[in-house]
Amino acid sequence: MPVKLAVRNVFKIFGERTEAALQQLAEGKTKEEILESTGATVGVQDASFDVGEGEIFVVMGLSGSGKSTLVRMLNGLIAPTSGAILIDSEDVASCGRRQLRDIRRDKIAMVFQHFALFPHWTVAENAAYGLRVKGMKRDERREKALKALEQVGLTAWADSLPSELSGGMQQRVGLARGLATEPEVLLMDEPFGALDPLIRREMQDELLVLQKSLKKTIVFITHDLNEALLLGDKIAIMKDGRFVQVGTAQEIVSNPADDYVAAFVADIDRGRVFTAEDVSNDPAAMKLGSDNAEDAMRAMEDLNRNALYVVDDKDNIAGVVTYQDLAAATLDEATPNPVLEEVMITDYPTVDADAQLNELYGAASGGLPIAVTDDRDRLVGVVEPEAVFAQLSGDCETDAECPSEDDDAAASLETPKTKEREDA
Ligand SMILES: Nc1ncnc2c1ncn2[C@@H]1O[C@H](COP(=O)(O)OP(=O)(O)OP(=O)(O)O)[C@@H](O)[C@H]1O
Ligand SMILES: [Mg+2]
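Residues numbered from 1 in each chain as written. Chains lettered and ligands numbered in written order. Predicted model: local features only at pLDDT ≥ 70, side-chain atom pairs only at ≥ 80, totals over all residues.

1. Digging into the pairing of strand β8 (residues 217-222)
Point 1. Taken across its 6 residues, β8 has 6 buried, putting it largely inside the fold.
Point 2. Judged by which residues are buried, β8 turns out to be covered on both faces: T217, V219 and I221 on one side and I218, F220 and T222 on the other are all buried.
Point 3. Here 5 bridges tie strand β3 (residues 56-61) to β8, and the two strands are oriented parallel to one another. Paired with V59 across the bridge in β8 is I221.
Point 4. Bridge count between strand β7 (residues 185-189) and β8: 5 bridges; the pairing is parallel. By the bridge assignment, L186 is partnered in β8 with I218.
Point 5. In this region the chain leaves β7, passes through helix α9 (residues 197-214) and returns to the parallel neighbour β8; the handedness of that crossover is right-handed. (Buried ≥ 20, exposed ≤ 12 C-beta atoms within 10 Å, placed from the backbone. Helix = DSSP H or I, 4+ residues; strand = E, 2+ residues; numbered from the N terminus. Pairing = 2+ DSSP bridges. Right-handed = clockwise from strand over helix to strand, strands pointing away.)

Structure follows, in structure tokens:
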């Protein structure tokens, strides 16, 4: 994925004695020590990261950690003390005024927590604000504003006044205002910070749905780790102006860099962070028509699983067979070598790969592995119920309960171990 935004060794020191402050930072002095001895405040220290096109990069940190300072530098609102901020390899930090103005007008939009809607303007006029600033004509402005309002689900309110809208809807107008200018980079500084928890969750989910078609490059600021983990393709955790950890949600939750991060991670809602994909195994499915009961039982023994899915030649699911049912049928004199169809359960649970773990809870309680399917209903993975519960409880870092990308147990169907046994 091409890099849209590249930040290189960016520092921001507020105050007069920036040189002295930088010097002391290099010597390993803390933000407090530097403030005390130089009077300068460290806003951001040595931030470096890349954001790929269409990615959501989330910056999370407590109040005063430097999030807004960072995002204002990305937008060219304030200049870094040192370092480079490249958008499409143009340096926002060092380019001329006119160039900066063009970049800000054409490429970037910013959505804030507290942005002002003009009370006497309609929702559509408010959404068109950025276009007005650009000098766009009225009709074209309205057309683009309506498109943006449609994206955030506010078409019906286009001609209402802001006062007729709830807080969540007003925040959507803010987002529509950002989207209307069709920016390539969207900067969002705590856009959902003022919303009630329920509305906030709704907005988070909606943003993710919207992003599937928008594919904007987004830098999203929050002080809520749950929000960060849910939204971020990558997440940076900031403390005293410094990135203490940058990684995916899974990396951060599974492997907090230090006690500071670990303390945040302890409180997160794991069921929203992890998805079916994160706990899914290779399907290791049996083939309808060619595999028999004995094949299926042997595969289950090798994989240490109680059940396996059966697929047709197009990888569409036919059903699921359990070891217990196969064993019973094999022992039954009437069906000494049963075909899979005879034993197969055709009422099985399925989920999408991106389903949150919370949504899998019910399906996992049934005891059968859950089939993970793609958008064409093909089997792409299976989730063992134990893996769901282990991941939800956070037990899986220590035992082998939760599969991960490098868990290739399923591949062992074809490993020498199996062959050896066949030879024996
Ligand atoms: N214009 C300024 N002049 C002096 N110091 C500033 C200025 N802006 C920010 N700071 C300082 O820089 C540090 C980072 O502030 P910043 O506003 O970026 O934090 P934040 O993470 O956005 O916090 P919050 O979650 O409260 O919005 C703080 O110590 C703050 O006091
Ligand atoms: Mg802030």
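2. Things to note about the packing of helix α1 (residues 18-26) against helix α2 (residues 31-38)
Point 1. With their axes 10 Å apart at the nearest point, α1 and α2 run at an angle of 145° to one another. Remark: the crossing between α1 and α2 carries right-handed chirality. Facing α1, whose interface residues are A20, A21, Q24 and L25, α2 presents I34, S37 and T38. (Axes fitted to C-alpha atoms, helices over the stretch in contact; angles between N-to-C directions. Left-handed = near helix turned anticlockwise from the far one by under 90°. Contact = placed C-beta atoms within 7 Å.)

3. A word on the sheet that holds strand β6 (residues 108-112)
What links the strands of a sheet is backbone hydrogen bonding, and the strands pair in either a parallel or an antiparallel sense.
Point 1. Within the open sheet, the 6 strands sit side by side as β6-β7-β8-β3-β9-β10. Their pairing is mixed. Taken across any chain shown, the strands that pair with only one partner, and hence form the sheet edges, are β6 and β10 (242-247). Sheet twist, expressed as the average angle between the axes of neighbouring strands with direction ignored, equals 15°.
Point 2. Of the strand pairs in this sheet, β6 and β7 are connected by 5 bridges, and their pairing is parallel. Bridge pairing in β7 links I108 to V185.
Point 3. Against the sheet, helix α3 (residues 67-74) contacts β3, β7, β8 and β9 (234-239), and its axis sits at roughly 155° relative to β8.

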